[in-house]
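Each chain, letter by letter, is given below.
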Amino acid sequence: MRVITSHLLSQSSVNPAAVALLLTLCLGFPPWTLTCPPGCICTSDIISCSGCNLSRLPLDLPDYATRLDLSHNSLTAIPADWTTRPFEWLAALLLGRNRIGQIEADAFAVTPHLLHLDLSSNNLSALNSSIFTGLTQLRELLLFGNQIAQINPNSFSGLHSLVKLYLSGNRLTSLPVNLWDGGGPLNLTFLDVSSNRLAGLDVRILLSLSQHGGIYLQGNPLRCDCALLALLEYWTWKQYRPLLDFKEDYPCRENVNPKVNCSLDEEVSNEAGSYRVDPGQWLWLTCPGFVSPAVKDPAVFWVTPKTILSAAEPSAHLAVLPNGTLEIRGALLEDSGAYACVAARGRHYDPDVSPEVNVVVGNMSSVAPSGLAHRGGGEHFNTAFTTLASCVVSIILVLLYLYLTPCRCRENRGGAPGGCGGRAIVLCSDPRELESGQRRSNGKRVAFLEPQMEDCDSTGAKSPVINTSQATTEGILKNGSRTVGQTLTDSALMV
């Protein structure tokens, strides 16, 4: 290879591209990993071509990048063949602050592992059904600051992993109908549609989304009907952050609109609390704090543990009656949980009145909180019996510790005076058994514990050696070593 390269370099008609190819082959790297587009910065796994005044995407970009920044340029379109090689490692693609008005079908099929796509502040006016094909792992999609007025119902059908979707600052008049269908995003928990042209919204969809994440609606010309008032009142009670953070940007922010009469001027119903019903029975839940409706079909929604219900869409098992009452037909064990009544209470709205009620189907002990599986009675009995037995054993051990008669110690063999070892001395606390040589000083006793051979039985006892001390708790043992004693009162000797 060295000879071939030297021969090529010696020729006057040598091709520079061929020489570069030979050199890179000698180094063991493919040629495109050594090139970086003019004006771009390539460092480790990041390629930044931001602010390079590019009017078209550069060809043969290095494919080792995990982050590709093409923002702040003059790009107008993203063709399907904008790169000749797939970006297997690319996780973030930044195309914001350009002039992109067209994206061809399958343009992002070469980035199968993309997690973050930024198309903000461009000139997009519509999203077709195949614009995001192949982005099955995408989690964040930024489309704010465009001119989007139309979204194909299947535009987000392949984005199964999408979590955050930014659509603020566009020209939307309605939300995508199939945005939350089975073929669309299954884990969407963040939706920003602020500063659009939204007027009428499906409150059921908004309630469903707000149960799992955040939806931002500020800056839209929302129509202040009873359904929207009910939604805003419920979010206010729930202290819903997307509403509280931008409360001044909602047209119905005061929760009271004199032009909208959602309730009659009657006494407020305050029925709330907990309900218990046996399985199979029917149950009627009165909407807390809601008065008789002034319209035939009031805007009342019930947030159940499983779904969102309204009078317009009843089910065979649950139904919302014209007066706002929720009817549970044949209660099941899985119906247990919290139920929230979302209704426009108007001037009767009181933030301190909870719109939620709790339902228990079956015995209280058979229903576990938070929808967990219920425990049987035998398990409760075993738990209670074990706790009681543990308490009894603990009390017996304490009594034995306090009142157990200490063992008495014999003298050492050979008649030499001895005593109990350190462990036995703990129980030798009767003052009448102290040796005659003990003395008191200043109303205190100082006990010196001397390790000795233990020789105990149940008939005799020998008290520990007690010596007096006036100003110190140190004593000298027989072998000359010192040990620290413990000062005790006359009333009790405790070690």
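This write-up is about the structure you can find in this document. Everything numeric in this text was worked out from a predicted model, so none of it was measured.

## Considerations on the sheet that holds strand S16 (residues 300–303)
Logical step 1: As summarised here, the arrangement of the five strands in space is S14-S21-S20-S16-S17, forming an open sheet in which the pairing is mixed. Edge positions in the open sheet fall to strand S14 (274–277) and strand S17 (308–310), since each of these has one partner strand only. Going from strand to strand, the sheet's axes swing by 25° on average, the running direction of each strand aside.
Logical step 2: Where strand S20 (residues 337–343) meets strand S21 (residues 356–361), four bridges bridge the pair, whose relative direction is antiparallel.

## Brief notes about the packing of aromatic side chains
Logical step 1: Under the defined criterion, the tally for this structure stands at nine aromatic pairs.
Logical step 2: Pairing Tyr-216 with Phe-246 gives two aromatic rings, centres 5.9 Å apart and planes at 80°, and the pair type is edge-to-face. Here Phe-246 lies in the loop between helix H5 (241–244) and S14 and Tyr-216 lies in strand S13 (residues 214–216), a separation of 30 residues in the sequence.
Logical step 3: In this structure Tyr-216 comes out as buried when scored by relative accessible area, which is 17%.
Logical step 4: Judged by centre distance (4.6 Å) and plane angle (35°), the ring pair of Trp-235 and Tyr-240 falls under tilted.
Logical step 5: Taking the relative accessible area as the measure of exposure, Tyr-240 reaches 10% and is therefore buried.

## Some details on the sheet that holds strand S2 (residues 46–48)
Logical step 1: The nine strands are arranged S1-S2-S3-S5-S7-S9-S11-S12-S13 in an open sheet whose pairing can be described as mixed. In the strand order of this sheet, the two ends are held by strand S1 (41–43) and S13, each with one partner. In this sheet, adjacent strand axes meet at a mean angle of 5° when their direction is disregarded.
Logical step 2: Here strand S11 (residues 164–166) runs beside strand S12 (residues 190–192); their pairing, made up of three bridges, is parallel. Residue pairing across strands places Lys-164 opposite Phe-190, the latter belonging to S12.

## Some details on helix H3 (residues 203–210)
Logical step 1: For H3, the set of buried residues is Val-203, Leu-206, Leu-207, Leu-209 and Ser-210. The buried residues of H3 occupy an angular sector of 165° when the element is viewed end-on, so they sit on one face.
Logical step 2: Taken together, the buried residues of H3 touch S12, S13, helix H4 (226–238), S16, S17 and S20.
Logical step 3: Measuring from the backbone nitrogen of Arg-204 back to the side-chain oxygen at the start of H3 gives 3.1 Å, which picks out Asp-202 as the cap.

## Some remarks on the pairing of S21
Logical step 1: Taken together, the four bridges between S14 and S21 define a ladder with parallel strand orientation. Across the sheet, Tyr-275 pairs through a bridge with Val-359, a residue of S21.

## Observations concerning unusual backbone geometry
Logical step 1: Within the chain, Asn-53 stands out as a residue other than glycine whose phi angle is a positive 60°.
Logical step 2: Position of Asn-53 relative to the elements: it lies in the loop between S2 and strand S3 (67–69).
Logical step 3: Given a relative accessible area of 62%, Asn-53 falls into the exposed group.
Logical step 4: Positive phi values are uncommon outside glycine, yet Ser-195 reaches one of about 55°.

## Some remarks on the pairing of S16
Logical step 1: Neither face of S16 is open: one carries Val-300 and Trp-302, the other Phe-301 and Val-303, and all of them are buried.
Logical step 2: By the bridge criterion, four bridges tie S16 to S20 in an arrangement that is antiparallel. Across the sheet, the residue bridging to Trp-302 is Cys-341, located in S20.
Logical step 3: Where S16 and S17 come together, three bridges link them in antiparallel fashion. Among the inter-strand pairings, Val-303 is bridged to a residue of S17, identified as Ile-308.

## A closer look at the state of the cysteines
Logical step 1: Counted under the stated rule, the structure contains three disulfides.
Logical step 2: Paired through a disulfide, Cys-40 and Cys-49 show a sulfur-sulfur distance of 2.0 Å. Where Cys-40 bonds to Cys-49 through sulfur, the torsion about that S-S bond is close to 115°, and the disulfide is right-handed. Of the two residues, Cys-40 and Cys-49, neither departs from the other in class, the shared state being buried.
Logical step 3: One disulfide bridge connects Cys-287 with Cys-341, the sulfur atoms lying 1.8 Å from each other.

## Points about the nonpolar core
Logical step 1: In this structure, Phe-132 and Trp-235 are the most contacted members of the largest nonpolar core, which totals 73 residues.
Logical step 2: Elements represented by at least two residues in this core include exactly H3, H4, S16 and S20.
Logical step 3: At nine residues, H4 tops the list of elements feeding residues into this core.
Logical step 4: Setting aside anything within four residues of it in sequence, one finds Trp-235 in contact with Leu-206, Leu-207, Ser-210, Ile-215, Leu-217, Tyr-240 and Leu-243.
Logical step 5: Ranked by size, the runner-up nonpolar core spans 20 residues in total, among them Leu-309, Leu-318, Val-320 and Cys-341.

Each value, and the rule that gives it
- Position numbers for residues start from 1 in each chain and track the written sequence from start to end.
- Where totals are concerned, whole chains, interfaces and linings use all residues; where local detail is concerned, this predicted model gives features only for residues with pLDDT of at least 70, and gives and counts side-chain atom pairs only at 80 or more.
- Side-chain numbers come from the whole structure's heavy atoms, not from hydrogens or water.
- Any two strands are treated as partners once DSSP identifies two or more bridges connecting them.
- Only runs of H or I of at least four residues qualify as helices and only runs of E of at least two qualify as strands under DSSP, and these elements are numbered from the N terminus.
- For helices, the fitted axis covers only the stretch in contact; all axes are lines through C-alpha atoms, and the angles between them, taken along N-to-C directions, range from 0 to 180 degrees.
- Aromatic pairs are defined between Phe, Tyr and Trp rings, using the six-membered ring for Trp, whenever the two ring centres lie within 6.5 Å; interplanar angles under 30 degrees are classed as stacked, those over 60 as edge-to-face, and all others as tilted.
- Using a 1.4 Å probe on the protein chains alone, a residue whose accessible area is under 20% of its type maximum counts as buried, one over 50% counts as exposed, and one in between counts as partly exposed.
- When we speak of the arc, we mean the arc of directions from the helix axis to the C-beta atoms.
- In what follows, residue pairs with any heavy atoms lying within 4.5 Å of each other are defined as contacts.
- In the analysis that follows, any N or O atom pair within 3.5 Å is treated as a polar contact, provided that within protein one partner can donate a hydrogen and the other can accept it, and provided that, for residues neighboring in sequence, both atoms belong to side chains.
- Disulfide: a pair of cysteine sulfur atoms within 2.5 Å of each other.
- To define a nonpolar core, start from buried Ala, Val, Leu, Ile, Met, Phe, Trp, Tyr and Cys residues and group those joined through side-chain atoms within 4.5 Å.

By themselves, these observations are geometric and do not establish any function.
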